[in-house]
Amino acid sequence: MPATTENSAGTAEPGMAEPALGAADPGVMSGVGDLTSAAYERIEELFISLQLQPGAHLRTQDLQTLTKLGRTPVHQAVRRLAAETLLSVQPRNGLLVAPINLERERRLAVLRRDMERFVCAAAIESMQSNDRARLTYILRKLRDERGAITLDRFNVLDKAFDMLMIQASGERFLERSLRPLKALGRRTGYLDISRLSGQRGMNDSIDHHIALMQAVLDGDVARACARSDELIELGLSMMTRLEQNIDPALLDIGFDLERGQGGRAV
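Because the structure is predicted, anything quoted here is derived from the model rather than measured.

What counts, and at which threshold
Residues numbered from 1 in each chain as written. Predicted model: local features only at pLDDT ≥ 70, side-chain atom pairs only at ≥ 80, totals over all residues. Heavy atoms only, no water. Helix = DSSP H or I, 4+ residues; strand = E, 2+ residues; numbered from the N terminus. Buried < 20%, exposed > 50% of the residue type's maximum accessible area, 1.4 Å probe, protein only. Areas by Shrake-Rupley, 256 points an atom, 1.4 Å probe, with all protein chains shown as cover. Salt bridge = Lys/Arg side-chain N within 4 Å of Asp/Glu carboxyl O. Disulfide = S-S within 2.5 Å. Axes fitted to C-alpha atoms, helices over the stretch in contact; angles between N-to-C directions. Parallel < 35°, antiparallel > 145°, perpendicular 65-115°, else oblique. Nonpolar A, V, L, I, M, F, W, Y, C, P; charged D, E, K, R; others polar. Core = buried A, V, L, I, M, F, W, Y, C linked by side-chain atoms within 4.5 Å. 1 Å grid on protein atoms, 1.4 Å probe; cavity = no way out; pocket = protein on both sides within 12 Å on 5 of 7 lines; lining within 4 Å. Points joined across faces, edges and corners; volume = space filled by probe spheres on them. Pairing = 2+ DSSP bridges. Arc of directions from axis to C-beta. Contact = heavy atoms within 4.5 Å. pLDDT = per-residue confidence, 0-100. Expected span 1.5 Å × (residues − 1).

Undergrad: Describe the overall build of the protein chain, naming the residues involved and giving the relevant values.
TA: Each helix and strand in the protein chain was counted, giving eight helices and five strands. Helices (α) and strands (β) of the protein chain occur, in sequence order from the N terminus, as β-β-α-β-α-α-β-β-α-α-α-α-α. Taken across its 266 residues, the protein chain has 48% of its residues classed as buried. Split by element, the accessible area of the protein chain, about 12,900 Å² in all, is 50% carbon and sulfur.

Structure below.
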């Protein structure tokens, strides 16, 4: 069913749901600095977890309500998200959440695969003691929580690993180029696991991530690149499963317009 939230009159509105923005594990995620960064992080989380439905229309004010942050940081975060194609600014029509375009994401997976290989090699070469300590902590958390982990919690650990690898690589450009590709892929994975593959899909993803993290800690570039490629292939298999089985309205709420279920969130 599409995610909903309630407006001030108490009626459900398509396109958004209440955010689940629990406090981050300080051992996993480094603290968010300025308010614009905080807004970006929270909106990205809503995007990945489908609380902002693919293809939904909304307003900047809606994001202010959901993030509990002011107009300026949310507006600045929206500008970055729009540049990254996660949101689209539509004059006189508010904002559009990017639909899930499986054909496009397959093409981007090829680009992401090459970028991930670069990150693996650069991070292993440049990783410092503190980076290794954080990665060891994330890996231990993933292993310890594997049997009862939620999808949202897994995404926290996955994102922490992604950011650690980008930072350890020493190439800051990657945060603006690779991060939105990861957000798109993570959202597609969220839809597959939450709607189709369930616990089996979760376990497959966890196992692939554990294998990659261990290869990085072992300093084995060739093995890490191979495990990274396998993660990309896992993502591609999820896209195929979605293409064959999912209700198109879950890829783009606009598909439900004729039934009166899509369109503006408010």
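Undergrad: Explain the pattern of salt bridges to me, using residue names and the numbers behind them.
TA: Scanning the entire structure with this criterion turns up 24 salt bridges. A salt bridge links Arg113 to Glu233; the shortest N-O distance between them is 4.0 Å. You can see Arg113 sitting in helix α4 (residues 102-126) and its partner Glu233 sitting in helix α8 (residues 221-245), a full 120 residues away along the chain. The exposure class of Arg113 is partly exposed, given its relative accessible area of 23%.

Undergrad: Describe the state of the cysteines, listing the residues and the values that go with them.
TA: One pass over the structure, following the stated rule, counts zero disulfides. We note that Cys225 lacks a disulfide partner, and the nearest cysteine sulfur, in Cys120, lies 5.1 Å from it. Residue class for Cys225 comes out buried when judged on its relative accessible area of 15%.

Undergrad: I'd like a description of the packing of helix α7 (residues 173-217) against α8, backed by residues and values.
TA: At their nearest, the axes of α7 and α8 sit 9 Å apart, and the two run at 175 degrees to each other. Compared by their axis directions, α7 and α8 come out roughly antiparallel. Along the lines of polarity and charge, the residues of the contact of α7 with α8 split into 13 nonpolar, ten polar and six charged.

Undergrad: Describe the nonpolar core, listing the residues and the values that go with them.
TA: If you look at the biggest cluster of nonpolar residues, it comprises 47 residues, and the most contacted ones within it are Met127, Leu135, Leu142, Met165, Leu191 and Val216. Element by element, the count of residues in this core is highest for α7, at 14 residues.

Undergrad: Give me unusual backbone geometry: which residues, what numbers.
TA: In this structure, Leu50 takes a positive phi of about 65 degrees despite not being glycine. Judged by relative accessible area, Leu50 falls into the buried class, the value being 13%. A positive phi angle, near 60 degrees, is found at Lys68, a position not held by glycine.

Undergrad: For empty space enclosed by the protein, give the residues involved together with the corresponding values.
TA: Enumeration according to the criterion identifies two cavities of 30 Å³ or more in this entry. What the largest cavity holds in volume is close to 540 Å³. Taken together, 35 residues make up the lining of the largest cavity; nearest its centre are Arg112, Lys182, Gly185, Arg186 and Leu231. Of all elements in the fold, only α4, α6 (151-169), α7 and α8 reach the threshold of two or more residues within the lining of the largest cavity.

Undergrad: So what's going on with the sheet that holds strand β4 (residues 87-90)? Residues and values would help.
TA: Where strands meet in a sheet, backbone hydrogen bonds hold them as pairs that are either parallel or antiparallel. Reading across the sheet, the three strands line up as β3-β5-β4 and stay open at both edges, with antiparallel pairing between neighbours. The sheet is open, and its two borders are formed by β3 (57-58) and β4, each paired with just one other strand. As judged from the two bridges shared by β3 and strand β5 (residues 94-97), these two strands associate in the antiparallel manner. When the bridges of β5 are listed, Leu58 appears paired with Leu95.

Undergrad: Describe in detail helix α2 (residues 60-67), supporting the description with residues and values.
TA: When α2 is considered as a whole, its buried residues turn out to be Thr60, Asp62, Leu63, Leu66 and Thr67. Each buried residue of α2 lies within a common arc of 155 degrees when the element is viewed along its axis, so the set occupies one face. Those residues of α2 hidden inside the fold are in contact with α1 (35-48), β3, α3 (71-83), β4 and β5. Note on α2: the residue one or two positions beyond its end, Lys68, has a positive phi of about 60 degrees.

Undergrad: How would you sum up the pairing of β5? Please name residues and give values.
TA: As paired elements, β4 and β5 share four bridges and run antiparallel to each other. Paired with Ser88 across the two strands is Leu96, which belongs to β5. Where β4 folds back on β5, the antiparallel hairpin that results is connected by three residues, among which Arg92 adopts a positive phi of roughly 65 degrees.

Undergrad: Describe the confidence of the model for the protein chain, and please don't skip the residues or the numbers.
TA: With 84% of its residues at a pLDDT of at least 70, the protein chain reaches an overall mean of 87. At the level of individual helices and strands, the protein chain shows its lowest average pLDDT in strand β2 (residues 12-14), which scores 37, and its highest in α8, which scores 98. Counting contacts from residues 1-24, a segment whose pLDDT is below 50, to residues more than four positions away or on other chains yields 56 contacts.

Undergrad: Can you tell me about α3, naming the residues and giving the values?
TA: Taking 1.5 Å per residue, 13 residues should reach 18 Å; α3 reaches 18 Å between its end C-alpha atoms and fits that length. Inspection of α3 places Pro73, Val74, Ala77, Val78, Arg80 and Leu81 among the buried residues, and these make up the whole buried set. When α3 is viewed along its axis, its buried side chains cluster within an angular range of 165 degrees and face the same direction. Of the residues in α3, the exposed ones pointing more than 90 degrees away from the buried face are Arg71, Arg79 and Ala83. On its buried side, α3 packs onto α1, α2, β4, β5 and α7.

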